[in-house]
Amino acid sequence: QVQLVESGGGLVQPGGSLRLSCAATGSISSMNTMGWYRQAPGKERESVARIGSSGSTNYADSVKGRFTISRDNAKNTVYLQMNSLKPEDTAVYYCNYRSDVNYGIDYWGKGTLVTVSS
């Protein structure tokens, strides 16, 4: 069992920045992928950024060049640095964890709200 706790959401003006954090606890595999998804009102949940244990990353086209995902393996924590925020980035952001070995089911945090508005 894995528990995920997000933090760092809030209200920010367009062009501003926020950094989200997600701490994972429990039965953590040394080989895993963590990432951030988001869901805006009336929209499907979408992948924003993901990072493997080795540090390899991938991003949604909509956030490339603006968002940076990173991780601290010693702390089992993943971060999302969000710069040049746009109103369309407004959503609940969810942390995700999946083991890369055995049966890799998905674990989700409860989400943290990011609102980009002037």
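Residues numbered from 1 in each chain as written. Predicted model: local features only at pLDDT ≥ 70, side-chain atom pairs only at ≥ 80, totals over all residues. Heavy atoms only, no water.

Caption draft 1: A look at the sheet that holds strand 3 (residues 18-26). Here four strands make up an open sheet; going across it, the order is 1-3-8-7 and the pairing antiparallel. Strand pairing shows two members of the sheet lacking a second neighbour, strand 1 (2-7) and strand 7 (67-72), which therefore form its edges. The mean angle between the axes of side-by-side strands here comes to 15°, regardless of whether they run parallel or antiparallel. Summarising the sheet, strand 7 and strand 8 (residues 77-82) pair through six bridges and their orientation is antiparallel. Bridging from a neighbouring strand, S70 pairs with Y79 of strand 8. (Pairing = 2+ DSSP bridges. Helix = DSSP H or I, 4+ residues; strand = E, 2+ residues; numbered from the N terminus. Axes fitted to C-alpha atoms, helices over the stretch in contact; angles between N-to-C directions.)

Caption draft 2: Spotlight on the pairing of strand 3. Across six bridges, the pairing between strand 1 and strand 3 is antiparallel. When the sheet's bridge partners are listed, L4 is paired in strand 3 with A24. Sheet topology note: the strand 3/strand 8 ladder contains six bridges and is antiparallel. In the sheet register, A23 faces strand 8, and the bridge partner there is T77.

Caption draft 3: Region of interest: the state of the cysteines. Going through the model one piece at a time under the given rule, you end up with one disulfide. Covalently, C22 is tied to C95 through a disulfide, its sulfur atoms 2.0 Å apart. Measuring the twist about the S-S bond at about -85°, one finds the C22-C95 disulfide to be left-handed. Of this pair, C22 sits in strand 3 while C95 is found in strand 9 (residues 91-99), placing the two residues 73 residues apart along the sequence. Just as C22 is buried, C95 falls in that class too. (Disulfide = S-S within 2.5 Å. Buried < 20%, exposed > 50% of the residue type's maximum accessible area, 1.4 Å probe, protein only.)

Caption draft 4: Expanded view of the environment of N96. Note on placement: N96 falls in strand 9. For N96, a relative accessible area of 0% gives the class buried. Taking C-alpha positions, N96 is 8.2 Å from T33, a pair spaced 63 residues apart along the chain. Beyond its immediate sequence surroundings of up to four residues, N96 is in contact with L4, T33, M34, G35, Y37, R50, D106, Y107 and W108. There is a polar contact of 3.2 Å between the side chain of N96 and the side chain of D106. There is a polar contact of 3.4 Å between the side chain of N96 and the backbone oxygen of Y107. (Contact = heavy atoms within 4.5 Å. Polar contact = N/O pair within 3.5 Å; in protein donor to acceptor, adjacent residues only side chain to side chain.)

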